Amino acid sequence: MVKNTIYTRFTLGTDDVNCLHLLYMPLIGNDAISLYMFFHSYVNRRSMKSESVKIDEILDILGWRLQKYNDAKAKLEGINLIKTYQNAEEIVIILLSPVTPRNFFNDSNLGLYLMSKVGEKIHDKLYKKFIIPDLDLGDFENVTKSFDEVFKTALITSEENLNANLVGRKPNQGSVLSNFDFDIDLFISKIDKNFLDDGITSDFKKKMKSIAYVYGFTIEQMVNLYNDAIDKNGNFSYDVFKRKSGNLYNYLYNNNGPELVIKTENNDVIFKFDNMTALELLNQVVGSNDYPVIYLKKIAEIYEKINLPHGVLNVMIAMVYREKETIPSINYFIRIADSWVNKGIVSTALALKYIEDGSYPNQNDFVDSKPRAKSNRPDIELEDWQKESFDNLMKGYKG
């Protein structure tokens, strides 16, 4: 089974924890915050990484089912609190620091979603919690000594380890839009840029894309909002633009504001394979509970000895039973597993795609070889009840 290793380069401070619970939690929920705190707790403070741990162990500690874990982890990825890397043998989870409260409220996505979620009154109350009152030092003289008044410089002749990875946090980029398709150049071509004091900056582009993403506005709606946000002095006001964006959204959809919703895509079948027990799998592929007990023992051995995700193994078992109408020995499945790993088939979605049309991620690596058939598996005629049983598992999946 694939193991998980958690890495970090920083430790959480009090301000981080307050930011997570007061600002992030309204957006991603308690489960995601609990998982983030668990990841930090599991890291060895000396090595700044965890020991390798199986997902079953994580689920046992948290008392969660796999789907709950996957949902919480996806939220942490989406809001840029963790990054995940995976190969056939290991999943690497890298913890990212929360943004500062200042950057959270200034972030075009996070700040808007928070106000939408908790309302303006609570939003302002949360904002005030992080304000540091100004210290009036008007009657005082600054007598602090400077660096060069206290220290003298000695030349450093060695640069050993200057480029090593040292403990410390990298600034969190906040929310990141990677796949949102908004033609910012077309938008810019339709507005009067003379109203912008600083011209077209990368910050302006990011804010415009974020507003369009959060509210789902068209280019024409964005242009109209831009024109309405020109103040009496002939300057574009982003604060007015944000307020009018919220007003337009409420008018169009009779809603208090946009919500942060997790994408579900077409994952019903993926969810089934990821969470199906051996008993449930056999009942589905066989079509009844009338099968040899040895089948359960063989599947348990497959789960134990083949280092692939649970859902991938379930897809593999279902495919083999469909073709052979039996559960062969572990060696048969090991050969298939080796072939799948070489093809890059290491997730449930990729496994389903492969048995649907024979395609796999590493196909393009063989451009100089002879064309490969989509599948070399024999076309076995199944009874109608067998086809129906297997197709029920595949129902709703689209490659």
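Residues numbered from 1 in each chain as written. Predicted model: local features only at pLDDT ≥ 70, side-chain atom pairs only at ≥ 80, totals over all residues. Heavy atoms only, no water.

### Details of the overall build of the chain
Here is step 1 of the chain: When helices and strands are tallied, the chain shows 17 helices and four strands.
Here is step 2 of the chain: By the burial criterion, 37% of the 399 residues in the chain qualify as buried.
Here is step 3 of the chain: Long-range pairs, those at least 24 residues apart, make up 69% of the contacts in the chain with a sequence separation of at least 6. (Helix = DSSP H or I, 4+ residues; strand = E, 2+ residues; numbered from the N terminus. Buried < 20%, exposed > 50% of the residue type's maximum accessible area, 1.4 Å probe, protein only. Contact = heavy atoms within 4.5 Å.)

### Here's the deal with the pairing of strand E4 (residues 90-95)
Here is step 1 of the chain: Judged by which residues are buried, E4 turns out to be one-sided: Ile91, Ile93 and Leu95 face inward and are buried, whereas Glu90, Val92 and Ile94, on the alternate face, are not.
Here is step 2 of the chain: Relative to E4, strand E1 (residues 3-7) runs parallel, the two sharing five bridges. Residue pairing in the sheet places tyrosine 7 in a bridge with isoleucine 94 of E4.
Here is step 3 of the chain: Where strand E3 (residues 82-86) lies against E4, five bridges are found, and the strand directions are antiparallel. Counted as the bridge partner of lysine 83 is isoleucine 94 from E4.
Here is step 4 of the chain: The hairpin turn running from E3 into E4, its antiparallel successor, is three residues long. (Pairing = 2+ DSSP bridges.)

### As for the environment of glycine 246
Here is step 1 of the chain: Looking at the element boundaries, glycine 246 is found in helix H10 (residues 238-253).
Here is step 2 of the chain: A relative accessible area of 14% means that glycine 246 is categorised as buried.
Here is step 3 of the chain: Spatially, the C-alpha atoms of glycine 246 and tyrosine 215 are 8.0 Å apart, while their sequence positions differ by 31 residues.

### Focus: the sheet that holds strand E2 (residues 53-54)
Here is step 1 of the chain: Taken together, the four strands give an open sheet; going across it, the order is E2-E1-E4-E3, and neighbouring strands pair in mixed fashion. Of all the strands in the sheet, the pair left with one neighbour each is E2 and E3.

### So, the nonpolar core
The nonpolar side chains of soluble globular proteins are, as a tendency, buried together.
Here is step 1 of the chain: Of all hydrophobic cores here, the largest spans 63 residues; its most connected members are Tyr24, Phe39, Tyr69, Phe187 and Phe241.
Here is step 2 of the chain: Ranked by residue count, the leading element in this core is helix H1 (residues 14-42), at 12 residues.
Here is step 3 of the chain: Counting 38 residues, the second largest nonpolar core, distinct from the first, contains Leu281, Val286, Leu308 and Ala351. (Core = buried A, V, L, I, M, F, W, Y, C linked by side-chain atoms within 4.5 Å.)

### A short note on a negative patch on the surface
Here is step 1 of the chain: Residues Glu51, Asp56, Glu57 and Asp60 make up a contiguous surface patch of negative charge.
Here is step 2 of the chain: With respect to the element layout, aspartate 56 can be found in helix H2 (residues 55-62). (Patch = residues over 30% accessible without salt bridge, like charges linked within 9 Å, V, L, I, M, F, W, Y side chains within 5 Å. Areas by Shrake-Rupley, 256 points an atom, 1.4 Å probe, with all protein chains shown as cover. Salt bridge = Lys/Arg side-chain N within 4 Å of Asp/Glu carboxyl O. Lys, Arg positive; Asp, Glu negative; His and termini not counted. Charge placed at Lys NZ, Arg CZ, Asp CG, Glu CD.)

### A look at helix H9 (residues 219-228)
Here is step 1 of the chain: Among the residues of H9, those classed as buried are Ile219, Met222, Val223, Leu225 and Tyr226. For H9, the arc enclosing every buried residue in end-on projection is 165 degrees, short of the 170-degree limit, so these residues lie on one face. (Arc of directions from axis to C-beta.)

### Notes on the pattern of salt bridges
A side chain with one charge can pair with a side chain of the opposite charge if their charged atoms come near.
Here is step 1 of the chain: Counted according to the given criterion, the structure contains four salt bridges.
Here is step 2 of the chain: As a salt-bridge pair, lysine 73 and glutamate 77 come within 2.9 Å of each other at their nearest N and O atoms. Residue lysine 73 and its partner glutamate 77 are both found in helix H3 (residues 66-78); the two are separated by four residues, about one turn of the helix.
Here is step 3 of the chain: Classification of lysine 73 as buried rests on a relative accessible area of 12%.
Here is step 4 of the chain: Here lysine 207 and aspartate 203 are joined by a salt bridge, their closest N and O atoms 3.3 Å apart. Of this pair, lysine 207 and aspartate 203 both sit in helix H8 (residues 202-215), four residues apart, which is roughly one turn of the helix.

### Here's the deal with a nonpolar patch on the surface
Here is step 1 of the chain: Together, Leu135, Leu137 and Phe140 line one region of the surface with nonpolar side chains, adding up to about 370 Å² of accessible area.
Here is step 2 of the chain: On the secondary structure map, leucine 135 appears in the loop between helix H5 (110-129) and helix H6 (147-150).
Here is step 3 of the chain: Note on leucine 135: relative accessible area 68%, which makes it exposed.

### Structural notes on the packing of aromatic side chains
Here is step 1 of the chain: Enumeration over the complete set of coordinates arrives at 14 aromatic pairs.
Here is step 2 of the chain: On the numbers, 6.4 Å between centres and 90 degrees between planes, the contact of phenylalanine 187 with tyrosine 226 is edge-to-face. In this pair, phenylalanine 187 is assigned in helix H7 (residues 184-189) and tyrosine 226 in helix H9, connecting sequence segments 39 residues apart. Accessibility assignment for this pair places phenylalanine 187 and tyrosine 226 in one class, buried.
Here is step 3 of the chain: Among the aromatic residues, those joined into a ring-pair cluster are Phe187, Phe204, Tyr226, Phe236, Tyr238 and Phe241.
Here is step 4 of the chain: The cationic tip of lysine 207 hangs over the ring face of tyrosine 238; the distance from NZ or CZ to the ring centre is 4.6 Å. (Phe/Tyr/Trp six-rings, centres within 6.5 Å; stacked < 30°, edge-to-face > 60°. Lys NZ or Arg CZ within 6 Å of the ring centre and 35° of its normal.)

### A closer look at unusual backbone geometry
Here is step 1 of the chain: Here methionine 48, not a glycine, exhibits a phi torsion of approximately 60 degrees, which is positive.
Here is step 2 of the chain: Backbone geometry places asparagine 80, a non-glycine residue, at a positive phi of 70 degrees.
Here is step 3 of the chain: Within the secondary structure layout, asparagine 80 lies in the loop between H3 and E3.
Here is step 4 of the chain: Take asparagine 80: its relative accessible area is 8%, and that puts it in the buried class.

### Focus on the confidence of the model for the chain
Here is step 1 of the chain: Averaged over all residues, the pLDDT of the chain is 79; the fraction at 70 or higher stands at 76%.
Here is step 2 of the chain: Mean pLDDT across the elements of the chain bottoms out in helix H17 (residues 384-394) (53) and peaks in E4 (94).
Here is step 3 of the chain: Every residue in residues 155-160 scores below 50 in pLDDT, and together they form zero contacts with partners more than four places removed in sequence or on other chains.
Here is step 4 of the chain: The model gives residues 364-383 a pLDDT under 50, and that stretch makes 16 contacts with residues more than four places away or in other chains. (pLDDT = per-residue confidence, 0-100.)

### Concerning the side chain of serine 210
Here is step 1 of the chain: Along the chain, the position of serine 210 falls in helix H8.
Here is step 2 of the chain: Of note is the side chain of serine 210, whose polar atom sits 2.9 Å from the backbone oxygen of lysine 206. (Polar contact = N/O pair within 3.5 Å; in protein donor to acceptor, adjacent residues only side chain to side chain.)

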